[in-house]
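Below, each chain spelled out in residue letters.
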Amino acid sequence: LLQIFVPKSFEINHQKSIQRSLQCIGFSGHVFSKLPDNIQRLCLSLVLSNESEEACRSVGYLARSSAADISSVFLTDALLRLSSYNPPPLQPLSNVLESFATKHKDMFESKWIQLVFNCLEKDKDSPYGPRCIGFLFAFLNDPDNNSEEDVKSLLINLLITDLKSNDAKMRWNAAAAFSNAFIYNVKSSEAISILADYIDTDKIAKVKIRSAEALSNVVSREAMGDLYHRIFTVNLEQLLAPDHFTNLPLAAHRKYDAAYRAALTKLFFKLLDWSKASDFTSLEEPLVNNVDAIYQLMINFDHDENEEDNN
């Protein structure tokens, strides 16, 4: 396909075939490292030179593949290319930022943060805007740089606005963005409070899951401040509930319930590790009333940890 039919579709300039070819290039990310060098270069050149929606989507797919490791300029070209669109395609752009943040941080230039800001201004309603913001914190890690701290404050405020959105997709992407922010020691008591509320009351499975995951990435008890006891209690209540998301079809119910319990369990043992003797007065009721269930949780957790070590 990549050696014969993809080049042919561009030679004959058949638009439907070109669309399919661009999709094919995007899906080739799974085997990109095994392709011949000339085919790799052809694929990257075709998706970066084409202005269609399919090309943008394929750039996003390839950004998450070995293409970003093989080509030293692909991520840079992809970022500059995607940020030039109006409106900008924020979903593939977020994939490019993810690859920079997680694997190629040293290649990212601070001046590109403004490029991303410009893109966010052009499409304030995209649920992928928060995802872009979340990865920007990876490039703002100098606590002595006052201008960076100002940018952090702006990003946090933007994410909090998105976190309060009536759009569920916006909320869960904002919660996922805070997962990244907390990893980089970002502090926001307002965001932590909202995420705790969502664990307790939000009806959307992905919002609850992403909120629990975000809180489990908070790096210190001090960052939770006075919210620690409340989060501990709410998390334990949710963890001990027999079922979640029973309104969903069975397969979806099982999938989301398992993911939610995994996030809640990770958060619970982090909170437990941070506990002090002085916390017992505030946490006496939930701890004493659920001592058997907590003991079983600890046994299961130790068993799962040992299995992972053996594997």
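Refer to the structure presented above.
As a starting point, this report considers the structure included with it. Note that this is a predicted model, so its numbers are computed, not measured.

## A few points about the packing of helix α7 (residues 90–103) against helix α8 (residues 112–122)
The relative placement of two packed helices comes down to the angle between their axes together with the axis-to-axis distance.
And then number 1: Interaxial distance between α7 and α8 falls to 12 Å at its minimum, and their mutual angle equals 155 degrees. With respect to each other, α7 and α8 are oriented roughly antiparallel. Relative to α8, the crossing made by α7 is left-handed. Here α7 contributes L90, L93, L97 and F100 to the contact with α8, which in turn contributes W112, V116, C119 and L120.
And then number 2: Classifying every residue of the contact of α7 with α8 gives eight nonpolar, no polar and no charged.

## What to know about the pattern of salt bridges
And then number 1: Scanning the model with the defined rule gives 14 salt bridges in all.
And then number 2: Taking the shortest distance from any N to any O, the salt bridge between E98 and R64 comes out at 2.9 Å. Of this pair, E98 sits in helix α7 while R64 sits in the loop between α4 (53–63) and α5 (67–70); the two residues are 34 residues apart in sequence, bridging distant segments of the chain.
And then number 3: The buried category is assigned to E98, whose relative accessible area is 18%.

## Describing helix α2 (residues 15–27)
And then number 1: End to end, α2 covers 19 Å across 13 residues, agreeing with the expected 18 Å (1.5 Å per residue, within 8%).
And then number 2: Looking at the buried residues of α2, the elements they touch are α1 (5–12), α3 (37–49) and α4.

## So, the packing of helix α15 (residues 228–240) against helix α16 (residues 250–274)
And then number 1: Direction vectors running N to C along α15 and α16 enclose 140 degrees, while the axes themselves pass 10 Å from each other. Between α15 and α16, the crossing angle belongs to the class labelled oblique. As for the relative orientation of α15 and α16, their crossing is left-handed in sense. On α16, the residues touching Y228, I231, F232, N235, L236, Q238 and L239 of α15 are Y260, R261, L264, T265, L267, F268, L271, L272 and W274.
And then number 2: In terms of residue class, the contact of α15 with α16 is built from 12 nonpolar, three polar and one charged.

## Brief notes about the packing of aromatic side chains
And then number 1: Tallied over the full model, the rule gives 10 aromatic pairs.
And then number 2: On the basis of an interplanar angle of 80 degrees and a centroid distance of 5.4 Å, the ring pair of F100 and F108 is categorised as edge-to-face.
And then number 3: On the basis of relative accessible area, F100 is assigned to the buried category, the value being 0%.
And then number 4: Ring geometry for F108 and W112: centres 5.4 Å apart, planes at 85 degrees, overall edge-to-face.

## Looking at α7
And then number 1: Between its first and last C-alpha, α7 extends 20 Å over 14 residues, near the 20 Å set by a 1.5 Å rise per residue.
And then number 2: Within α7, 11 of the 14 residues are buried, which leaves it mostly tucked inside the rest of the structure.
And then number 3: Taken together, the buried positions of α7 are L90, P92, L93, S94, N95, V96, L97, E98, S99, F100 and A101.

## Considering the side chain of N173
And then number 1: Among the secondary structure elements, N173 is positioned in helix α11 (residues 168–183).
And then number 2: With relative accessibility at 8%, the residue N173 sits in the buried group.
And then number 3: A polar contact is formed between the side chain of N173 and the backbone oxygen of K169, at a distance of 2.9 Å.

## Here we look at unusual backbone geometry
And then number 1: The linkage connecting N86 with the following residue, P87, adopts the cis geometry, with an omega of 0 degrees.
And then number 2: Unusually for a residue other than glycine, N13 sits at a positive phi of about 55 degrees.
And then number 3: Along the polypeptide, N13 turns up in the loop between α1 and α2.
And then number 4: Backbone geometry places F245, a non-glycine residue, at a positive phi of 60 degrees.
And then number 5: Following the sequence through the fold, F245 ends up in the loop between α15 and α16.

Procedures and definitions
Residues numbered from 1 in each chain as written. Predicted model: local features only at pLDDT ≥ 70, side-chain atom pairs only at ≥ 80, totals over all residues. Heavy atoms only, no water. Axes fitted to C-alpha atoms, helices over the stretch in contact; angles between N-to-C directions. Helix = DSSP H or I, 4+ residues; strand = E, 2+ residues; numbered from the N terminus. Parallel < 35°, antiparallel > 145°, perpendicular 65-115°, else oblique. Left-handed = near helix turned anticlockwise from the far one by under 90°. Contact = heavy atoms within 4.5 Å. Nonpolar A, V, L, I, M, F, W, Y, C, P; charged D, E, K, R; others polar. Salt bridge = Lys/Arg side-chain N within 4 Å of Asp/Glu carboxyl O. Buried < 20%, exposed > 50% of the residue type's maximum accessible area, 1.4 Å probe, protein only. Expected span 1.5 Å × (residues − 1). Phe/Tyr/Trp six-rings, centres within 6.5 Å; stacked < 30°, edge-to-face > 60°. Polar contact = N/O pair within 3.5 Å; in protein donor to acceptor, adjacent residues only side chain to side chain.

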